[in-house]
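Here is how the chains run, residue by residue.
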Amino acid sequence: MRLRRRSTIAFALVALLLLVASGAQAGGLVPVPVETGPRAQFGGTGNAEYFAWTQDRAGANGYDVWVDPTVGAKFQVNNSGTGYSNAVDQAGSLLAWQSVKKNKSDVKLYDMTAMSNVALPPGVNTSKWECCSGLFGNTFTFIRTTKNAFKLYLVTDLTTGDKINVTSIDRPKVDLASTPRIYGNWIVWTTSAAGGWKAYRYDIMNDVIEKIPNPLDKLYYAASVDLAGNVYLVRSGNGCAANVKLMKWTGSSNPVVVYEFDDVTDVAHTSIFDDGLGTVTWFVDFFDCSTFDADIYSFTNP
């Protein structure tokens, strides 16, 4: 499964984009470094106690999932194969991640306190390619790739394993543009196709899918969502670092610009930590189109 960004961006969905950039301040928002350095860091996700990310492997092809707890030392989640961080739960110590071994991909659930995997219900992982998982409380999302579709599933109860197919994305005409995100009552995802790059929000309780307005017909990708249903996403032109902006949509009217990047910076993907007490932290992968570096920054209450 691949993401395709027209022109210079083309990257695997499981790996997304990679790597560092200097963002241009706009709208009063200031990016705060979260994970930076000589390695490629991306796929940042966290809560008040844990932060997880994907990092390229020194001296070898591959990627590993790392966790940095607020108390204690950093540690690596996967001990073999390639791993990708997907989502840290809003509270507690669970991490949804993806494991790829010998051209086989499964989604995993990991307890960062016990430092061990937790069994997922039967029917989540199959012989097909499962990836791109999300986690919120006792609910879980993932993508299953079939010959003709990307199927987005919502496990409504991790105890029973009950699940529904939220949407099926027709392939090869349409592709996923980023990993779907779940938070509270909401799931968001983005698609890419010849007819445009679109973003969607799903209201779980009311079983309603909305297409996010795109009046300028730009590329939408890397969407995340908070507890209130506010959607945070990236908008750009056609090409790497083509007029890239961070946007926010409150569910009415059109999305508004909250941050503008310089002419070399793009975004791999984003995630949200909403503490439920009025503070929303937006983790954003900064990608430098000139050097292919990436680091993770955050914005508070965008």
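Please read all numbers here as calculations on a predicted model, not as lab measurements.

It is worth spelling out the pairing of strand β12 (residues 129–136) at this point. Most of β12 sits out of view: seven of its eight residues are buried. Both β12 and strand β13 (residues 139–145) contribute to a ladder of six bridges, which runs antiparallel. Bridged to cysteine 131 within β13 is isoleucine 143. In textbook terms, the turn of a hairpin is the stretch between consecutive antiparallel strands, and for β12 and β13 this stretch comprises two residues, one of which, glycine 137, has a positive phi near 60°.

This part takes up the nonpolar core. The nonpolar side chains of a soluble globular protein tend to be buried with one another. Ile143, Val166, Ile187, Trp189, Val231 and Leu233 are the most contacted members of the largest nonpolar core, which has 32 residues in total. Per-element tally for this core: the top contributor is strand β18 (residues 186–193), with four residues. If you look at the next biggest cluster of nonpolar residues, it comprises 21 residues, including Ala177, Leu219, Trp282 and Phe286.

Scanning all chains against the criterion turns up six salt bridges. Here arginine 39 and aspartate 56 are joined by a salt bridge, their closest N and O atoms 2.8 Å apart. Of this pair, arginine 39 sits in the loop between β3 (32–35) and β4 (41–46) while aspartate 56 is found in strand β5 (residues 50–56), placing the two residues 17 residues apart along the sequence.

Any two aromatic rings considered together are summarised by their centre-to-centre distance and by the angle between their planes. Taken as a whole and assessed by the stated rule, the structure comprises 18 aromatic pairs. Taken together, the ring pairs in this structure connect Tyr232, Tyr259, Phe261, Trp282, Phe286, Tyr297 and Phe299 into an aromatic cluster.

Quick look at the sheet that holds strand β26 (residues 280–288) now. Pairing in this open sheet of four strands is antiparallel, and the strands run β3-β27-β26-β25 from one edge to the other. Edge positions in the open sheet fall to β3 and β25 (265–274), since each of these has one partner strand only. Mean inter-strand twist for the sheet, computed between neighbouring axes without regard to direction, equals 30°.

In the structure shown here, the tally under the stated rule is two disulfides. In this model cysteine 131 forms its disulfide with cysteine 132; the gap between the sulfur atoms is 2.4 Å. Here cysteine 131 and cysteine 132 share a disulfide; its torsion about the S-S bond, -70°, makes the bridge left-handed. The residues cysteine 131 and cysteine 132 share a single accessibility class, namely buried. For cysteine 240, the disulfide goes to cysteine 289, at an S-S distance of 1.7 Å. Between cysteine 240 and cysteine 289 the sulfur-sulfur dihedral comes to about -75°; the bridge is accordingly left-handed. Of this pair, cysteine 240 sits in the loop between β22 (231–236) and β23 (245–249) while cysteine 289 sits in the loop between β26 and β27 (293–300), and the two are 49 residues apart along the sequence. In this pair, the class of cysteine 240 matches that of cysteine 289, namely buried.

To continue, consider the side chain of arginine 144. For arginine 144, the position within the fold is in strand β13. Setting aside anything within four residues of it in sequence, one finds arginine 144 in contact with Gly123, Val124, Thr126, Lys128, Trp129, Glu130, Ala149, Phe150, Lys151 and Tyr153.

Once that is clear, we can look at the pairing of strand β24 (residues 256–260). Note that β23 and β24 share four bridges and pair antiparallel. Within β24, the position partnered with methionine 247 by the bridge is valine 257. What sits between β23 and β24 in their antiparallel hairpin is a turn of six residues, with glycine 251 showing a positive phi close to 105°.

If you trace the four strands from one edge of the open sheet to the other, you get β21-β22-β23-β24, paired in antiparallel fashion. Since the sheet does not close on itself, it has two edges, and those belong to β21 (219–225) and β24, each with one partner. The sheet shows a mean angle of 30° between the axes of neighbouring strands, taken without regard to direction.

Definitions and cut-offs
- Along each chain, the written sequence defines residue order, and numbers are assigned to residues from 1.
- The predicted nature of this model means local features are confined to residues of pLDDT at least 70 and side-chain atom pairs, given and counted, to a pLDDT of 80 or more, with totals for whole chains, interfaces and linings taken over all residues.
- Just so you know, side-chain values use all the structure's heavy atoms and leave hydrogens and water out.
- We call a residue buried when its accessible area falls under 20% of the maximum for its residue type, exposed when it is over 50%, and partly exposed in between, using a 1.4 Å probe and counting protein chains only.
- The secondary structure listing takes helices from DSSP runs of H or I that are at least 4 residues long and strands from runs of E that are at least 2 residues long, numbered from the N terminus.
- By definition, two strands form a pair when at least two bridges between them are found by DSSP.
- Within this scheme, the nonpolar core is defined by two criteria: the residues are buried Ala, Val, Leu, Ile, Met, Phe, Trp, Tyr or Cys, and they are joined through side-chain atoms within 4.5 Å.
- A carboxyl oxygen of Asp or Glu within 4 Å of a side-chain nitrogen of Lys or Arg is what we treat as a salt bridge.
- The rule is short: rings of Phe, Tyr and Trp, with Trp giving its six-membered ring, pair when the centres are within 6.5 Å, and they are stacked under 30 degrees, edge-to-face over 60, tilted in between.
- With axes taken as lines fitted to C-alpha atoms, and helix axes fitted only over the stretch in contact, angles between N-to-C directions fall between 0 and 180 degrees.
- In this description, a disulfide is simply a cysteine sulfur pair whose atoms lie within 2.5 Å.
- For this analysis, residues touch if any pair of their heavy atoms sits within 4.5 Å.

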